[in-house]
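So you can see what is in the structure, the chains are spelled out below.
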Amino acid sequence: MYGPRGAMLGSGGVSDGYEVGSKRQRMMESNPYFAVSSGTGSLPYGYAGGFQPPPFPVVRLRGLPFNCTDIDILKFFAGLTIVDVLLVNKSGRFSGEAFVVFAGAMQVEFALQRDRQNMGRRYVEVFRCKKQDYYNAVASEINYEGIYDTDYHGSSPPPSRSKRFNDKDQMEYTEILKMRGLPFQVTKSQIVEFFKDFKLIEDRVHIACRPDGKATGEAYVEFVSTEEAKRAMSKDKMTIGSRYVELFPSTPDEARRAESRSRQ
């Protein structure tokens, strides 16, 4: 129904297996509107009879909680159909900003009405932005992850691979790694298979969930030693299914807190 964007929700709700932005790489090569209609049934034409596409249906969010996830944004815009969510990271850390692409221009108007509404204890700014702003953010993400380095067309070259991973190299390691960006329906066996070349403790693989039981897209994995965890960082930015997975050094305390939240 919506081209190469993966699973979609007709009602705008949250469902198991809904993967936001799971094929963002293909998006850059596809029709700029993702083959999504405006929902009006007809499209405007100029005075000269030329076709004029509808505005690209994207908004920008600012002031998001730093523990915000795709699911939080889906709930914030409950009732609207979301095509993609891009959480903006700077130097590997979430910036508190995001881009949200909707199924049509009319839905953007409804989304803008939620400006200054709260997510948790923070109010969130929702404002219009240009298609190019979103594309630039996607390109920055892709080039930061090192996926399309050879195809980079930005005004300045992407940072070198050694610079990209320098931040994580300087972090203090324990025997635990945090995984982020997992498919929402990922299983423990898939995570074990992902790290099959490394020695992990299988009963210390924890997939983080919200209190309602839905996965957050994060997991914590304990290895037999700190050195083994650091070796396993070589899997950073590798894929599980259609999602590339980020890895971060974590701590036993952080893993315990995530496990406790899942049981609440």
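Fair warning: this is a prediction, and the values are worked out from it, not measured in the lab. (Residues numbered from 1 in each chain as written. Predicted model: local features only at pLDDT ≥ 70, side-chain atom pairs only at ≥ 80, totals over all residues. Heavy atoms only, no water.)

(A) Spatial organisation of helix H3 (residues 105–112). Within H3 the residues assigned to the buried category are Gln107, Val108, Ala111 and Leu112. Mapping the buried residues of H3 onto a view down its axis gives an arc of 145°, with all of them on the same face. Summarising the contacts, the buried residues of H3 are in contact with strand E1 (58–62), strand E3 (93–102) and strand E5 (122–128). (Buried < 20%, exposed > 50% of the residue type's maximum accessible area, 1.4 Å probe, protein only. Helix = DSSP H or I, 4+ residues; strand = E, 2+ residues; numbered from the N terminus. Arc of directions from axis to C-beta. Contact = heavy atoms within 4.5 Å.)

(B) Spotlight on the packing of aromatic side chains. Taken as a whole and assessed by the stated rule, the structure comprises nine aromatic pairs. Seen from their ring centres, Phe77 and Phe102 are 5.2 Å apart, and the 90° between their planes marks the pair as edge-to-face. Residue Phe77 is found in the loop between helix H2 (70–76) and strand E2 (82–90), and its partner Phe102 is found in strand E3; the two are separated by 25 residues along the sequence. Residue Phe77 shares its accessibility class with Phe102, and that shared class is buried. One aromatic cluster in this structure is built from Phe56, Phe99, Tyr134 and Tyr135. Lying over the aromatic face of Phe194, Lys235 brings its terminal NZ or CZ to 4.6 Å of the ring centre. (Phe/Tyr/Trp six-rings, centres within 6.5 Å; stacked < 30°, edge-to-face > 60°. Lys NZ or Arg CZ within 6 Å of the ring centre and 35° of its normal.)

(C) Structural context of the sheet that holds E2. If you trace the five strands from one edge of the open sheet to the other, you get E2-E3-E1-E5-E4, paired in antiparallel fashion. Each edge of the sheet is formed by a strand with only one pairing partner; in this case those strands are E2 and strand E4 (117–119). The mean inter-strand angle of the sheet, taken between neighbouring strand axes irrespective of direction, is 35°. As paired elements, E1 and E5 share four bridges and run antiparallel to each other. When the sheet's bridge partners are listed, Arg60 is paired in E5 with Phe127. Those strands touched by H3 are E1, E3 and E5, and its axis lies near 145° from that of E5. (Pairing = 2+ DSSP bridges. Axes fitted to C-alpha atoms, helices over the stretch in contact; angles between N-to-C directions.)

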